[in-house]
Amino acid sequence: MSRSFARLSGLDLLVGDLRALEAYAYYFSCMSKMWSLPLQDSYDPEEVSNYFDCRPHVVALRLLEVLSAFSFAVIKIRISRVQRLIKVGSANEETDANTSQYDFGVVLKETMLNLGPTFIKVGQSLSTRPDIIGSEIAKALSELHEKIPPFPRTLAMKIVEEELGTPLEKHFSYVSEEPVAAASFGQVYRGTTYDNCAVAIKVQRPNLHHVVARDIYILRLGLELLQKISRRKGDLRLYADELGKGLIGELDYRLEAANASEFMDAHSPFPFIRVPKVFQHLTGRRVLTMEWIVGENPKDLLLVSIGNFPAQCREYSQKQKLDAKQRLLDLVNKGVEASLVQLLETGLLHADPHPGNMRYTTSGQIGFLDFGLVCRMERKHQVAMLASIVHIVNGDWASLVDSLFDMDVVRPGTNIRRVTMELENSLGEVKFKDGIPDVKFSRVLGKIWSVALKYHFRMPPYYTLVLRSLASWEGLAVAADENFKTFEAAYPYVVRKLLTDNSDSSRKILHSVVLNGKKEFQWQKVALFLRVGATRKGLQKRISLNSDASSDSSTNTTGSAFDVADFVLRLLSSKEGIVLRRLLIVADGASLVRTLLSKEAASVRKKLCQVIADILSQWMIAALGVDAAITSHNAQLNATGFDSQSMVKDRRLKLIFGKVLADTRRDPLLMLRFCLASVCMLVSSSAIACRRVLASIYGSFVSRVSFAPLQVAVSS
């Protein structure tokens, strides 16, 4: 070593030392630049890693805090279990197990509250997945939606002024002293603008972006360690990255404002859905100002309806309880329909559909709040979801599995036959009432979840959101009315969609349900569709308007067989009936005639007799040349409530009738039965028409005769 250094002069050693110092200086310069770089607003895993790699002390302190919190939670749970084991004479093992799970959930809830916003958000997400963590734990974690401590008002107002760039008094004439609600990422104050508009001012918690990014970084480290220990091929860090993108995205309130505006535009055609207006000039990255929606919280309605009100509140009368129950059930029905509208019509889903984000307004609308996250669906997934609902109602499990495959739920390579058998075994015991599953949606959902976990189904975001939303609405309704069934509330909307949507995909689903392989009508399923459609008030109203029918006849639907026949005739001649007309063209006409001649179709034949009687009576009166008074009186006796003459002149119905006759001619015996039935119907209709004409003439004559008492003057 001494020989090698002997060749170097002192100057060479000095130059070497200077170069080493330069390298160290460059290194510290680069590190100082990295330390000075701010955390990016958007989530980028690499940038977040670079940011916190330079700050190991921040990560170490937080990691110590998290580990100690969960360690204390484990100790607390162990102590409670030991105390429970010491107790003797347990009355019910199942009750004890549920209590144990609930106690575990309470400890977990308290731990997440102590660890801050990120863990609170994770706990809220877990509370909506009882299929994974159990119903009792989910019940305990659901309190995280409400019991979140607020931060000081001075900090909140300072953030508002920083975001708006001007003093608070310049924009708002009033801001409440206390927040009206506190959430994991922010809290809401009620305010009033100088235009006298009531607004909700949502303010983000201070330093939240740094806190969330740090916790996601720690989660990535944990998943990376777990992947190495378990030697899994997939990158588990992707789950943390997906969560990070969602949570960081929620921190920019400008994105939430854009989501709210998009949601409002998409659902404006549906008057029962209310979305608050966004005040863009009073909105920033950490402040969101929206229209204040006056309405009742679903949970408040539930508490009043079941009489479970706090001790400090006044006691409600029986009438108030019934009114609250009625409003709650109306809210739930509209909530179910709103979920289906988002699913099947707009493809834009509210991503956090818990009761705290809903309001029931005085005008009977359902108001949506909190648009931090929305989910967008592809058209193919909407169609597959529509088909899956129909297949569940019809008990067609093989077709249900096909729909799940189209929804990207069933993984490629899964044994379809085994999955079908599993679903049939799980759901085959479901009983049906009037063709609709007589079972709670949550029970069906639980059975589907068990099969999904067994066969490792994928759960796309939109799928879990819709199922979670419907289960949430059912939970509210069942607490007030144990007879409520989600399928009974949802299926009429599905039927309306299939009967009025003229797209190829919807027609394909409808044809697969009501027609068999030979394109023959399956009468039981056809009857179910039409019976459910006849009870659908919205569809009845639209058909009535298009047919120029009287409002009385269209709204007085009881769901009886006679109303079904009336519904069919109205739908056929209306603008909305294009799907039904195309179905009749495609179907085998002979099977339609067999159905018409069957015992079950007696109400349809009776309704046709009335239509023919209306046409004949109008023709007789025109042929007799009677005056307008008799014609007017005959119109009052018209039993169908719509213009029968227009049906006779409708070329579309003539084409369908001709096609049906052509198909029926191939079976001479069926044609003979049809002719005999037609003659009987014509004779019956003629008798009804003659009676109406005579009644009209008699009624017109009687109305002209004065029966005023004769007054006689007698002189004294």
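Residues numbered from 1 in each chain as written. Predicted model: local features only at pLDDT ≥ 70, side-chain atom pairs only at ≥ 80, totals over all residues. Heavy atoms only, no water.

> How should the sheet that holds strand β10 (residues 366-368) be read in this particular structure?
The strands that make up a sheet pair up through hydrogen bonds in the backbone, lying either parallel or antiparallel. Read across the open sheet, the four strands follow the order β5-β10-β9-β7; overall the sheet is mixed. Where the open sheet ends on each side, the last strands, each with one partner, are β5 (273-274) and β7 (295-296). By the bridge criterion, three bridges tie strand β9 (residues 358-361) to β10 in an arrangement that is antiparallel. Across the sheet, the residue bridging to M358 is F368, located in β10. (Pairing = 2+ DSSP bridges. Helix = DSSP H or I, 4+ residues; strand = E, 2+ residues; numbered from the N terminus.)

> Sorry if this is basic, but what is going on with the nonpolar core here?
Note that soluble globular proteins tend to have their nonpolar side chains buried in a common cluster. Counting residues in each nonpolar core, the largest one holds 108 residues, and the members touching the most others are I273, F457 and Y463. Counting residues in each nonpolar core, the second largest holds 17 residues, with V58, F185, A213 and I248 among its members. (Core = buried A, V, L, I, M, F, W, Y, C linked by side-chain atoms within 4.5 Å. Buried < 20%, exposed > 50% of the residue type's maximum accessible area, 1.4 Å probe, protein only.)

> Please clarify how the pairing of β9 should be interpreted in this entry.
As a general feature of sheets, a regular strand has side chains that alternate between the two faces. Alternating positions in β9 separate into two faces, M358 and Y360 on one and R359 and T361 on the other, with burial throughout. The antiparallel pairing of β9 with β10 creates a hairpin that spans four residues between the two strands, and G364 there sits at a positive phi of about 85°.

> What am I meant to see in the pattern of salt bridges here?
For side chains of opposite charge, pairing can occur when their charged atoms come near one another. The final tally for this structure, using the stated rule, is 25 salt bridges. Between K202 and D370 there is a salt bridge, with the nearest N and O atoms lying 3.6 Å from each other. Here the residue K202 occupies a position in strand β4 (residues 198-204), and D370 occupies one in the loop between β10 and β11 (374-376), the gap between them amounting to 168 residues. Judged by relative accessible area, K202 falls into the buried class, the value being 18%. When salt bridges with common partners are traced through the structure, they connect R62, E65, R214 and D215 into a single cluster. (Salt bridge = Lys/Arg side-chain N within 4 Å of Asp/Glu carboxyl O.)

> Mind showing me how you'd approach the packing of helix α26 (residues 578-586) against helix α31 (residues 651-664) here?
For any two helices packed against each other, one specifies the crossing angle of their axes together with the interaxial distance. As a packed pair, α26 and α31 sit with axes 9 Å apart at the nearest point and diverge in direction by 25°. With respect to their mutual orientation, α26 and α31 come out roughly parallel. Crossing geometry of α26 relative to α31 is assigned as left-handed. Residue-level contacts link R581, L584, I585 and V586 of α26 to R652, L653, L655, I656 and K659 of α31. (Axes fitted to C-alpha atoms, helices over the stretch in contact; angles between N-to-C directions. Parallel < 35°, antiparallel > 145°, perpendicular 65-115°, else oblique. Left-handed = near helix turned anticlockwise from the far one by under 90°. Contact = heavy atoms within 4.5 Å.)

> How do you make sense of the side chain of R507 when you look at a structure like this?
In this structure, R507 sits in helix α21 (residues 504-514). For R507, a relative accessible area of 11% translates into the label buried. Beyond its immediate sequence surroundings of up to four residues, R507 is in contact with D501, N502 and R582.

> Just to check I follow, could you spell out the pairing of β4 for this structure?
Where burial is concerned, most of β4 is hidden: six out of the seven residues are buried. Looking at chain direction, strand β3 (residues 186-193) and β4 are connected through seven bridges and run antiparallel. From the neighbouring strand, G186 faces β4, where its bridge partner is Q204. In this structure, the hairpin formed by β3 and β4 is closed by a connection of four residues, where N196 is found at a positive phi of approximately 65°. Sheet topology note: the β4/strand β6 (residues 287-291) ladder contains five bridges and is antiparallel. What sits directly across from V203, in β6, is V287.

> Is there a simple way to explain the environment of A69 in this structure?
By the secondary structure assignment, A69 is in helix α4 (residues 56-86). The buried category is assigned to A69, whose relative accessible area is 18%. Among residues more than four places away in sequence, those in contact with A69 are T111 and L115.

> Looking at this structure, how should I read unusual backbone geometry?
What is expected of a backbone is that most residues other than glycine have negative phi and most peptide bonds are trans. Even without being a glycine, N196 presents a positive backbone phi close to 65°. The class of N196 is exposed, set by a relative accessible area of 66%. Although it is not a glycine, D370 adopts a positive phi angle of roughly 65°.

> How should the packing of helix α10 (residues 208-230) against helix α11 (residues 237-250) be read in this particular structure?
At their nearest, the axes of α10 and α11 sit 8 Å apart, and the two run at 170° to each other. One finds that α10 runs roughly antiparallel with respect to α11. Within the contact between the two elements, α10 uses H209, V212, A213, I216, L219, R220, L223 and E224 and α11 uses R237, Y239, A240, D241, L243, G244, L247 and I248.

> Explanation requested: the packing of aromatic side chains in the structure shown.
What characterises a pair of aromatic rings is the spacing of the ring centres plus the angle enclosed by the ring planes. A complete count under the given rule lists five aromatic pairs for this structure. With a centroid separation of 6.2 Å and 55° between ring planes, the pair formed by F70 and F119 is classed as tilted. Within this pair, whereas F70 is found in helix α4, its partner F119 is found in helix α6 (residues 117-127), the two being separated by 49 residues in sequence. Judged by relative accessible area, which is 29%, F70 ranks as partly exposed. Here F119 falls in the buried class, since its relative accessible area comes to 18%. (Phe/Tyr/Trp six-rings, centres within 6.5 Å; stacked < 30°, edge-to-face > 60°.)

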